Amino acid sequence: EYFRDKLEIADFYLPNRKEATIITGKADPKEACQVLSEYLDIAVVKLDKDGCLIYKGGKFTFVGSIDEFVRVDSTGAGDAFFAGFMYGIIKGEPIEKCVLYGNLTGGKCVTAVGCTTAYLTEQELLSMAEKYKDKIVYDY
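Residues numbered from 1 in each chain as written. Predicted model: local features only at pLDDT ≥ 70, side-chain atom pairs only at ≥ 80, totals over all residues. Heavy atoms only, no water.

Novice: What's the story with helix α3 (residues 29-36) in this structure? I'm lost.
Specialist: An α-helical turn contains 3.6 residues, so any two residues separated by three or four positions project in the same direction. What α3 keeps buried is the set P29, A32, C33, V35 and L36. The arc enclosing the buried residues of α3, seen along the axis, measures out at 160°, which places them on a common side. For α3, the secondary structure elements touched by its buried residues are α1 (4-8), α2 (17-24), β1 (42-46), β2 (51-56) and β3 (59-64). (Buried < 20%, exposed > 50% of the residue type's maximum accessible area, 1.4 Å probe, protein only. Helix = DSSP H or I, 4+ residues; strand = E, 2+ residues; numbered from the N terminus. Arc of directions from axis to C-beta. Contact = heavy atoms within 4.5 Å.)

Here is the structure:
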């Protein structure tokens, strides 16, 4: 209830699994997405190292994490995810691709110590998004 008026004016809210559980009272990410969809057109829950879950139009889509990225330090991962996600939004990409961009930028960020040490250039991001487009699983 506390977050109702805030969620109703948001275009996107990108909680991780723990945050989604606290806000919705649902431990299952799918159930949390369904609760969030009461306030948002598109619900996204980040599943940490496991990827992200999207709920849109009554259907779930899963976007997997990038296996080649090995975590060294998680500092800045959420902000890096958001940067990739917003890049996709600004470019007018479908939500699934925005989340893939987020997984790529967030995943790359954790491969070195510090929040700005490891990053992708725009060209690297686009190339990797093409390489990993199979990480998007529709009707999940």
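Anyway, onward from the coordinates.
Novice: I keep staring at the packing of aromatic side chains and nothing clicks. Help me out?
Specialist: Each aromatic ring pair is specified by the distance between its two centres and by the angle formed by the two planes. Enumeration according to the criterion identifies six aromatic pairs in this entry. Considering the side-chain rings of Y55 and F60, the 4.5 Å spacing of their centres and the 40° angle between planes classify their relative orientation as tilted. Taken individually, Y55 and F60 each receive the classification buried, so the pair is uniform in this respect. Considering the side-chain rings of F62 and Y140, the 4.9 Å spacing of their centres and the 20° angle between planes classify their relative orientation as stacked. Within this pair, whereas F62 is found in strand β3, its partner Y140 is found in the segment after β4 (136-138), the two being separated by 78 residues in sequence. The class for F62 is buried, based on a relative accessible area of 14%. Here the aromatic residues F12, F81 and F85 are joined through ring pairs into a cluster of three or more. Looking at K6, its charged tip hangs above the ring of Y2, at a distance of 4.5 Å from the centre. (Phe/Tyr/Trp six-rings, centres within 6.5 Å; stacked < 30°, edge-to-face > 60°. Lys NZ or Arg CZ within 6 Å of the ring centre and 35° of its normal.)

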